[in-house]
Amino acid sequence: MNEPTIHIIGISGSLRNGSSNTNLLRAAATLAPKHVKLTIFDGLGDLPHFNPEIDGEEVPEAVIDFRTQLKAADSVLISTPEYASGVPGVLKNAIDWTVSSSELYNKPTGVLSASPHPSGGENAHASLLMTLNMLNAHIVSGGTMCIPQISLKMNAAGDITDNGLAKEIIAVLHALEKALNTEL
Ligand SMILES: Cc1cc2nc3c(=O)[nH]c(=O)nc-3n(C[C@H](O)[C@H](O)[C@H](O)COP(=O)(O)O)c2cc1C
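Scope of this entry: the structure provided in the associated data block. (Residues numbered from 1 in each chain as written. Predicted model: local features only at pLDDT ≥ 70, side-chain atom pairs only at ≥ 80, totals over all residues. Heavy atoms only, no water.)

**Details of the pairing of strand β4 (residues 108–114)**
- For β4, a buried count of 7 out of 7 residues is recorded, marking the element as mostly surrounded by other parts of the structure.
- Residues of β4 alternate between two faces, with Pro108, Gly110, Leu112 and Ala114 on one and Thr109, Val111 and Ser113 on the opposite face, all of them buried.
- In terms of strand pairing, strand β3 (residues 75–80) meets β4 through 5 bridges, oriented parallel. Considered in β4, the bridge of Val76 is made with Thr109. (Buried < 20%, exposed > 50% of the residue type's maximum accessible area, 1.4 Å probe, protein only. Helix = DSSP H or I, 4+ residues; strand = E, 2+ residues; numbered from the N terminus. Pairing = 2+ DSSP bridges.)

**Description of the site of the ligand**
- Within the structure, the ligand sits among 14 residues, and Ser14, Arg16, Ser19, Ser20 and Asn21 are positioned closest to it.
- Separating an oxygen atom of the ligand from a side-chain N or O atom of Ser19 is a distance of 2.6 Å.
- In the model, an oxygen atom of the ligand is placed 2.7 Å from a nitrogen or oxygen of the Ser20 side chain. (Near = heavy atom within 4 Å. Polar contact = N/O pair within 3.5 Å; in protein donor to acceptor, adjacent residues only side chain to side chain.)

**Let's talk about the sheet that holds strand β5 (residues 138–147)**
- Taken in spatial order, the 5 strands of this open sheet run β2-β1-β3-β4-β5, and their pairing is parallel. If you trace the sheet from one side to the other, it starts and ends with β2 (36–40) and β5, each paired once. Recorded for the sheet is a direction-independent mean angle of 20 degrees between the axes of neighbouring strands. (Axes fitted to C-alpha atoms, helices over the stretch in contact; angles between N-to-C directions.)

**Things to note about the packing of helix α3 (residues 89–96) against helix α4 (residues 122–134)**
- Viewed as axis vectors pointing N to C, α3 and α4 meet at an angle of 5 degrees, and their least axial separation amounts to 11 Å. Here α3 lies roughly parallel to α4, going by the angle between them. Along the contact surface, α3 presents Leu91, Lys92 and Ile95, while α4 presents Leu128, Thr131 and Leu132.
- In terms of residue class, the contact of α3 with α4 is built from 4 nonpolar, 1 polar and 1 charged. (Parallel < 35°, antiparallel > 145°, perpendicular 65-115°, else oblique. Contact = heavy atoms within 4.5 Å. Nonpolar A, V, L, I, M, F, W, Y, C, P; charged D, E, K, R; others polar.)

**A closer look at the environment of His174**
- The residue His174 is located in helix α5 (residues 163–183) in this model.
- Residue His174 is classed as partly exposed on the basis of its relative accessible area of 43%.
- Separated by 31 residues in the primary sequence, His174 and Gly143 have C-alpha atoms spaced 8.4 Å apart.

**A word on the nonpolar core**
- Leu24, Leu77 and Ile169 are the most contacted members of the largest nonpolar core, which totals 27 residues.
- Looking at this core, the elements with two or more residues in it are β1 (6–12), α1 (20–31), β2, β4, β5 and α5.
- The leading source of residues in this core is α5, at 9 residues.
- Each residue touching Ile169, except ones within four places of it in the same chain, is listed here: Leu24, Ala28, Leu31, Leu112, Met145 and Ile160.
- Counting 24 residues, the second-largest nonpolar core is a separate cluster that includes Ile11, Leu44, Ala73 and Leu91. (Core = buried A, V, L, I, M, F, W, Y, C linked by side-chain atoms within 4.5 Å.)

**Structural notes on the pairing of β3**
- Taken across its 6 residues, β3 has 6 buried, putting it largely inside the fold.
- The side-chain alternation of β3 yields two buried faces, one formed by Ser75, Leu77 and Ser79 and the other by Val76, Ile78 and Thr80.
- Pairing between β1 and β3: 5 bridges, direction parallel. The residue bridging Ile11 from the neighbouring strand is Ile78, located in β3.
- This β-α-β element, β3 to α3 to β4, shows right-handed connectivity. (Right-handed = clockwise from strand over helix to strand, strands pointing away.)

These figures come from the coordinates and say nothing about function on their own.
As structure tokens, then:
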């Protein structure tokens with residue numbers, strides 16, 4: 001029997017061309033088993049600044065698109081850098097747009113934080129987990145990881161050059177899948 005296809009939406013907290021976090025999600029998409037489809041959301045930079053006053057009946061098109069894609073996904077995998085010891089504004093902005101609409105509620109969610117520094121973006125990681133917990137996202141056990149010194153583990157083309165990291169990413173994908181299977 002064929003396993004049902006699992007849809008994961010990948011969200012990178014970096015808008016930068018050549019972002020290591022976006023590249024990590026691209027690598028995860030290629031490492032995923034056949035029945036797991038990881039699609040990277042590419043509209044983060046198009047979201048307007050969150051304002052509760054425009055979160056009413058006429059929500060901006062970019063927000064509707066984001067919410068629709070999030071809702072349709074079985075699971076979410078966020079990969080983010082750390083900016084100034086916190087979550088990049090563009091990612092926090094996107095998450096703020098989900099507070100009233102609750103797409104992350106109970107959604108199996110994984111969090112990666114890649115940094116060229118030895119700290120591995122742990123402040124952004126912790127802060128993001130706090131926000132996601134507040135929204136009652138289902139933070140998957142084994143689905144979260146800080147990745148220090150990413151530049152030693154991934155080349156400029158975005159290929160993972162470190163076997164250990166590739167295995168860890170596969171383990172994260174398995175954890176997301178397991179969380180979904182447990183829910184079924
Ligand atoms: C404005 C700015 C602030 C940063 N602050 C931090 C920081 O607090 N901690 C950290 O580990 N890295 C920090 N960095 C370095 C980022 O982790 C690094 O640029 C990383 O590669 C960005 O991720 P990306 O490759 O996905 O774009 C900062 C970078 C920028 C541009």
